[in-house]
Amino acid sequence: MAGSQWEHPPELCCRPMAFVALTGLDVVYNAVHRAIWDAFCANRRADRVPISFKVLPGDHEYPKCRTKRTSYEWYIPKGILKTGWMNKHLNLVPALVVLFYELDWDDPQWKEKQSECATRVEIVRTSLQGRNTKVAVVLIQKKTPLPPGEDLVASEKASALCGSCDLSGKSLFVLPHTDHLVGYIIRLENAFYEHAQTYYYTEIRRVKSHKEFLNKTTHQLLFVRHQFKMAFLSELKQDTQNALKYYRAAHSLVHELRAHETNMLEIKTMAGFISYKICRLCFQHNTPLDAIAQFRKHIDLCKKKIGSAELAFEHSAWMSKQFQSFGELFDEAIKLGLTAIQTQNPGFYYQQAACYSQDRKQMAQQLCQAGMTYPSPDPLDTQSGGLDFYGQRPWRQGHQSIDPTDPEKEKMGILALQIKERDVPHSELIIALLSNAVAQFKKYKCPRMKSHLMVQMGEEYYHAKDYTKALKLLDYVMCDYRTERWWPLLTAILTTALRCAYLMASVKDYIIYCMELLGRASTLKEEQKSRIEKNLFKVLMNKVPEAESECDPSSVSAARSLWSDRTALSGSNELTVEMQDYIPFS
């Protein structure tokens, strides 16, 4: 939980598309049906309408439609947004269900098949359980139809079929299975798209109609919820301008909520989701300055909302995720044609994300003491296996009052989160973010920023005890600092590199770094130089050097063993050092 908790859900990050369910297609055993399905979903070009298709059985059970609320007078909301709501409208509740049925106008069993088709439509309607989802019928036919109005028999039978299925004429389509199948499919899906647009428009109106029943005292959460829902449904309708308007309103409303320790995480989580959507749409509309302004506003509003002091690492984790997500959105927009500059590129956001991850690591080390026993029963377990509302605590879901209901449960919940945080691979997260930042600064030709972050990566590898990678990065960067004569920085890097060389018992590297730290470029104090000089002579005399300062004690004992093995080896002890790359002594 501690690692994945901060990831944005995939349904938030994807591009919402109208969901259309196709029934009556046997795509496994019927070649014609398979060809139709392939024409719908294979090789979809960018110029085709944005629809997500799924093949479902005719009697598929859709999520139950909740009883429509007629009054909000006594209703107290338990949270802002249910965790399943976005996925429900993306993948579970279709805007349109299309029934495919094989029936030619001149079929000898027309009456029986008309009746069977009507029964299937009724089964679909029943399974939708009172939802506003549209229903359409597509007749799969062997022959190419005559132009509209010329086939009177077809017109009569179409009218009769619409009557028995309780469909409007605009919801009955004919699909001839001919050589021009893809062309017919494209015309069909354009018609489906119009039906879906009508459905989402109706749903937005329905959500909007609730506003008159709400009051600002007890329904503040609902104001945010409804604006978010209207925005998301507008995205499904591909009305991104209105979606942006609703998301902006939701962002203002979420910051009007009274924040306290028990609901701080929920407010921040929803604020993060809404801001992500606003920034994404601004980039989509090619208004990057609006995206940057929105992100800065979002950070300014949230950076002080830390929440529980015992879980301060969570705030740093959340802040890191905000910067990382914006960096990813910025990077994605650049790949789609946006131009970035040296002083404003995704690298800065990845770098800031890494800084907050470093803060998280430090706070976790302070707050999450080793030796604590994980509580039983697990306070992070829920009956459903997940949360009901985004950003809530598992042990007090639906709780909105200022004080926790059960102080002991609260204590155990915090303890469980602290213990989980100990298992988070902090260095891995920091290195990944720094690596992303380095790639960006390299791309935008910012060599000093690149070098600075590579040093940080090297130091992080050192803390993660991956001394080989640490040394490789630090060694690479040292050349730049020598060339530019940054002596204090070079000294600091050499000191870390010397520790790595000691802990790896890398004799050649150890000698080189000792010699350079004794040279004129080194800013070390005389007593430090004196200690390094003694160690250098020990190594030259095939003896084990003293441990470098500030090394991890467990790594030091392993290093002593390695050095003992090195000095015990018989054979040539000659080393060749290329001195032209290093700073001379005098």
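Because the structure is predicted, anything quoted here is derived from the model rather than measured. (Residues numbered from 1 in each chain as written. Predicted model: local features only at pLDDT ≥ 70, side-chain atom pairs only at ≥ 80, totals over all residues. Heavy atoms only, no water.)

Asks: Honestly, the overall build of the protein chain in this entry has me stumped. Any pointers?
Replies: The helix and strand inventory of the protein chain stands at 20 helices and five strands. Against the 2.2 N^0.38 benchmark of 25 Å for 586 residues, the protein chain shows a C-alpha radius of gyration of 33 Å, more extended than a compact globule. Along the three orthogonal principal directions, the C-alpha set of the protein chain runs to about 105 × 60 × 45 Å. Expressed as a percentage of the 586 residues in the protein chain, the buried residues total 50%. Long-range pairs, those at least 24 residues apart, make up 75% of the contacts in the protein chain with a sequence separation of at least 6. (Helix = DSSP H or I, 4+ residues; strand = E, 2+ residues; numbered from the N terminus. Rg over C-alpha atoms; globule rule 2.2 N^0.38 Å. Buried < 20%, exposed > 50% of the residue type's maximum accessible area, 1.4 Å probe, protein only. Contact = heavy atoms within 4.5 Å.)

Asks: In this structure, what is going on with the pairing of strand E2 (residues 51-55)? I would like to understand it.
Replies: Two faces, one strand: in a regular strand the side chains alternate between the faces of the sheet. For strand E1 (residues 18-23) and E2, the ladder comprises five bridges, and the chain directions are parallel. Residue Leu22 lies in a different strand from E2, and its bridge partner there is Val55. You can see the chain leave E1, run along helix H2 (residues 31-41) and come back into E2, and the turn it takes is right-handed. (Pairing = 2+ DSSP bridges. Right-handed = clockwise from strand over helix to strand, strands pointing away.)

Asks: I'm lost on the UniProt feature "domain: Trafficking protein particle complex subunit" (unreviewed entry) in the protein chain in this one. Help?
Replies: What UniProt calls "domain: Trafficking protein particle complex subunit" (unreviewed entry) maps, in this numbering, to residues 263-519. For the annotated span residues 263-519, helix accounts for 70% and strand for 0% of the residues, and the straight-line distance between the end C-alpha atoms is 58 Å. (UniProt positions renumbered as here; feature names shortened; annotations may be inferred.)

Asks: Would you explain the side chain of Ser357 in this entry?
Replies: Assignment of secondary structure puts Ser357 in helix H12 (residues 346-367). Its relative accessible area of 5% is what places Ser357 among the buried residues. In terms of polar contacts, Ser357 uses its side chain to reach the side chain of Ser320, at 3.1 Å. (Polar contact = N/O pair within 3.5 Å; in protein donor to acceptor, adjacent residues only side chain to side chain.)

Asks: Even after reading the chapter, I still don't get the environment of Pro545, so can you show me in this structure?
Replies: Here Pro545 is to be found in the loop between helix H19 (526-540) and helix H20 (553-568). Taking C-alpha positions, Pro545 is 11 Å from Ile511, a pair spaced 34 residues apart along the chain. Apart from residues no more than four positions distant in its own chain, Pro545 is found in contact with Tyr502, Tyr510, Asn535, Lys538, Val539 and Trp563.

Asks: Looking at this model, I keep getting lost on the packing of aromatic side chains. Mind explaining?
Replies: Each aromatic ring pair is summarised here by two numbers: the centre-to-centre distance and the angle between the ring planes. Throughout the structure, instances matching the rule amount to 24 aromatic pairs. Here Phe173 and Phe192 contribute two aromatic rings whose centre-to-centre distance is 5.8 Å and whose plane-to-plane angle is 80°, an arrangement assigned as edge-to-face. Of this pair, Phe173 sits in strand E5 (residues 172-176) while Phe192 sits in helix H6 (residues 181-208); the two residues are 19 residues apart in sequence, bridging distant segments of the chain. For the pair formed by Phe173 and Phe192, the shared burial category is buried. Here Tyr502 and Tyr510 contribute two aromatic rings whose centre-to-centre distance is 6.4 Å and whose plane-to-plane angle is 50°, an arrangement assigned as tilted. One aromatic cluster is present, formed by Phe283, Phe295, Phe323, Phe326, Phe330, Tyr349 and Tyr356 through successive ring pairs. (Phe/Tyr/Trp six-rings, centres within 6.5 Å; stacked < 30°, edge-to-face > 60°.)

Asks: Would you mind going over the nonpolar core with me for this structure?
Replies: Note that soluble globular proteins tend to have their nonpolar side chains buried in a common cluster. By size, the foremost hydrophobic cluster in this structure holds 119 residues, and its most contacted members are Tyr200, Phe228, Tyr247, Val254, Phe326 and Tyr513. By residue number, the principal contributor to this core is helix H9 (residues 264-284), which donates 12 residues. Ignoring anything within four residues of it in the chain, the contact list for Tyr247 reads Phe228, Ala231, Phe232, Glu235, Ile274, Lys277, Ile278 and Leu281. In this structure, Phe40, Phe100, Leu181 and Leu188 belong to the second largest nonpolar core, which totals 26 residues. (Core = buried A, V, L, I, M, F, W, Y, C linked by side-chain atoms within 4.5 Å.)

Asks: Honestly, the sheet that holds E5 in this entry has me stumped. Any pointers?
Replies: Two pairing modes exist for strands in a sheet, parallel and antiparallel, and in both the strands are linked by backbone hydrogen bonds. One open sheet holds the five strands; their spatial order is E2-E1-E3-E4-E5, and the pairing between them is parallel. One side of each edge strand has no neighbouring strand; the edge strands of this open sheet are E2 and E5. For this sheet, the mean inter-axis angle between neighbouring strands, taken without regard to orientation, is 25°. Alignment of strand E3 (residues 96-102) against strand E4 (residues 134-141), held across seven bridges, turns out to be parallel. Within the sheet, the bridge partner assigned to Glu102 lies in E4 and is Ile140. (Axes fitted to C-alpha atoms, helices over the stretch in contact; angles between N-to-C directions.)

Asks: Before we go on, may I ask you to explain helix H16 (residues 467-483) in this structure?
Replies: It helps to recall that an α-helix has 3.6 residues per turn; residues three or four apart then point in one direction. When the terminal C-alpha atoms of H16 are compared, their 25 Å separation across 17 residues agrees well with the 24 Å that a helix rising 1.5 Å per residue should span. Residues of H16 that are buried: Tyr467, Ala470, Leu471, Leu473, Leu474, Val477, Met478, Tyr481 and Arg482. As for H16, its buried residues are in contact with helix H15 (447-463), helix H17 (487-504), helix H18 (507-518) and H20. The positive-phi residue at the C-terminal boundary of H16 is Arg485, with phi of around 60°. (Expected span 1.5 Å × (residues − 1).)

Asks: Just to check I follow, could you spell out the environment of Gly337 for this structure?
Replies: With respect to the helices and strands, Gly337 occurs in the loop between helix H11 (312-335) and H12. Gly337 gets classed as exposed once you look at its relative accessible area, which sits at 59%. In sequence terms Gly337 and Glu261 are 76 residues apart; their C-alpha atoms lie 42 Å from each other.

Asks: Please explain the pattern of salt bridges as it appears in this structure.
Replies: Two side chains carrying opposite charge are able to pair once their charged atoms lie near each other. Here the structure, examined in full by the defined rule, presents 25 salt bridges. A salt bridge links Lys143 to Asp106, with the shortest nitrogen-to-oxygen separation between them at 2.5 Å. Note that Lys143 is positioned in the loop between E4 and helix H5 (152-165) and Asp106 in the loop between E3 and helix H4 (110-128), a separation of 37 residues in sequence. A salt bridge links Arg499 to Glu550; its shortest N-O distance comes to 3.8 Å. Residue Arg499 is found in helix H17, and its partner Glu550 is found in the loop between H19 and H20; the two are separated by 51 residues along the sequence. Glu550 gets classed as exposed once you look at its relative accessible area, which sits at 68%. It is possible to trace a salt-bridge network through shared partners that takes in Arg44, Arg48 and Glu189. (Salt bridge = Lys/Arg side-chain N within 4 Å of Asp/Glu carboxyl O.)

Asks: Would you mind showing me how to read the side chain of Arg131 here?
Replies: By the element assignment, Arg131 lies in the loop between H4 and E4. Here Arg131 is buried and forms no salt bridge, its nearest opposite-charge partner Glu203 lying at an N-O distance of 5.8 Å. Once residues lying within four places of it in the same chain are set aside, the contact partners of Arg131 are Pro63, Lys64, Cys65, Lys88 and Val93. (Lys, Arg positive; Asp, Glu negative; His and termini not counted.)

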